[in-house]
Every structure is written in C-alpha cells, then in structure tokens.
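A closer look at the structure
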Amino acid sequence: MANSTATPVKPLVIPGPAGRASPEVSQVLTKKKLQDLVREIDPNEQLDEDVEEMLLQIADDFIESVVTAACQLARHRKSNTLEVKDVQLHLERQWNMWIPGYGSEEIRPFKKACTTEAHKQRMALIRKTTKK
C-alpha cells in the first residue's frame, strides 16, 4: 500500500472579540438566521427552544460531514485546496443534491431511475388486479 497518512481536518473556528473563539460566531446557521428562515416560510410560526437547538445541531453536523468528505476528496485529488467541485461531488453522490449556479455550466440531464424486469412484472400484475 502506498504511503498514506491521513491528516485530520481541523474544525473551523472563527475568533471572536479579544481573539477568543466564540461558538455563536463559528456557527454557519445562527438562531436569528433560523428564526428569519422560519418567518420567511410562515410569519405566524414560532419554534420551540428545543426544536431550534435540534435544528441548529443537525445543520452543524451536516455542514461538518460535508466539509470533511469534501476535504477527503480534495486530498484524493492530491490537492491542498478545497474547491467547489469537491463539495458538489459529495453533495451529488451522497445526498443527491445539486446546487445550481456553482461550478460547471453544463446542463444536467434528468436521470430516470432504471426499472428492473421484476419491477415491471409486479407493476403489470398490480395494474391487472386493480382493473378487475
């Protein structure tokens, strides 16, 4: 096996006032941003404090996992720079997400799911029994 040393990804810490790391600053999604997003969807909706905390934790975990996987893809390319294509590749392959407007300008065709012969037979049988 080749000489492979995995270097751990350091967490993003943004220094706050007086050079100390502030947990509120290092979050990508803050409580205020989450509340603004909820108000944008439904102005009358109010989230419970526990729900807000859970959603913020889920968002942080998602962002951390995406960045970690994208960094691994960058390392696989033998690059020290994380690029948009690394994040795009991970989001597309693992989460079936495509963020338009970033990276390549190619038109992405819709991928129709492949259906197996067994599935076609089951669907034909269902259609046949529902017609009776």
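Here's a quick rundown of the structure. (Residues numbered from 1 in each chain as written. Predicted model: local features only at pLDDT ≥ 70, side-chain atom pairs only at ≥ 80, totals over all residues. Heavy atoms only, no water.)

1. Some points on a nonpolar patch on the surface
Nonpolar side chains collect at one region of the surface, where V84, W95, M97, I99 and Y102 lie side by side and expose about 470 Å² of accessible area between them. Its place among the elements puts V84 in helix α4 (residues 84–95). Its relative accessible area of 43% is what places V84 among the partly exposed residues. (Patch = residues over 30% accessible without salt bridge, like charges linked within 9 Å, V, L, I, M, F, W, Y side chains within 5 Å. Areas by Shrake-Rupley, 256 points an atom, 1.4 Å probe, with all protein chains shown as cover. Salt bridge = Lys/Arg side-chain N within 4 Å of Asp/Glu carboxyl O. Helix = DSSP H or I, 4+ residues; strand = E, 2+ residues; numbered from the N terminus. Buried < 20%, exposed > 50% of the residue type's maximum accessible area, 1.4 Å probe, protein only.)

2. Structural notes on the pattern of salt bridges
In this structure the tally under the stated criterion is 7 salt bridges. With its nearest N and O atoms 2.8 Å apart, the salt bridge here joins D36 to R39. Pair noted here: D36 and R39 are both in helix α2 (residues 31–41), with a separation of 3 residues, about one helical turn. According to the relative accessible area criterion, D36 is partly exposed, its value standing at 30%. A salt bridge links E83 to K85; its shortest N-O distance comes to 3.7 Å. On the accessibility criterion, E83 (32% relative accessible area) is partly exposed. Three or more residues are tied together by salt bridges with common partners; here these are R77, E83, K85 and D86.

3. Points about unusual backbone geometry
Phi is positive for K78, close to 65°, though the residue is something other than glycine. Considering the arrangement of structural elements, one finds K78 in the loop between α3 (49–76) and α4. The phi angle at N96 is positive, at roughly 55°, despite the residue not being glycine. Note that N96 resides in the loop between α4 and α5 (117–131). For N96, a relative accessible area of 70% puts it in the exposed group.

4. Examining the nonpolar core
Counting residues in hydrophobic clusters, the biggest one holds 6 residues: L29, L34, V38, L47, L56 and A59. Those residues in contact with L56 that sit more than four places away from it in its chain are Q27, L29, T30, K31 and L34. (Core = buried A, V, L, I, M, F, W, Y, C linked by side-chain atoms within 4.5 Å. Contact = heavy atoms within 4.5 Å.)

Read these as geometric descriptors, not functional statements.
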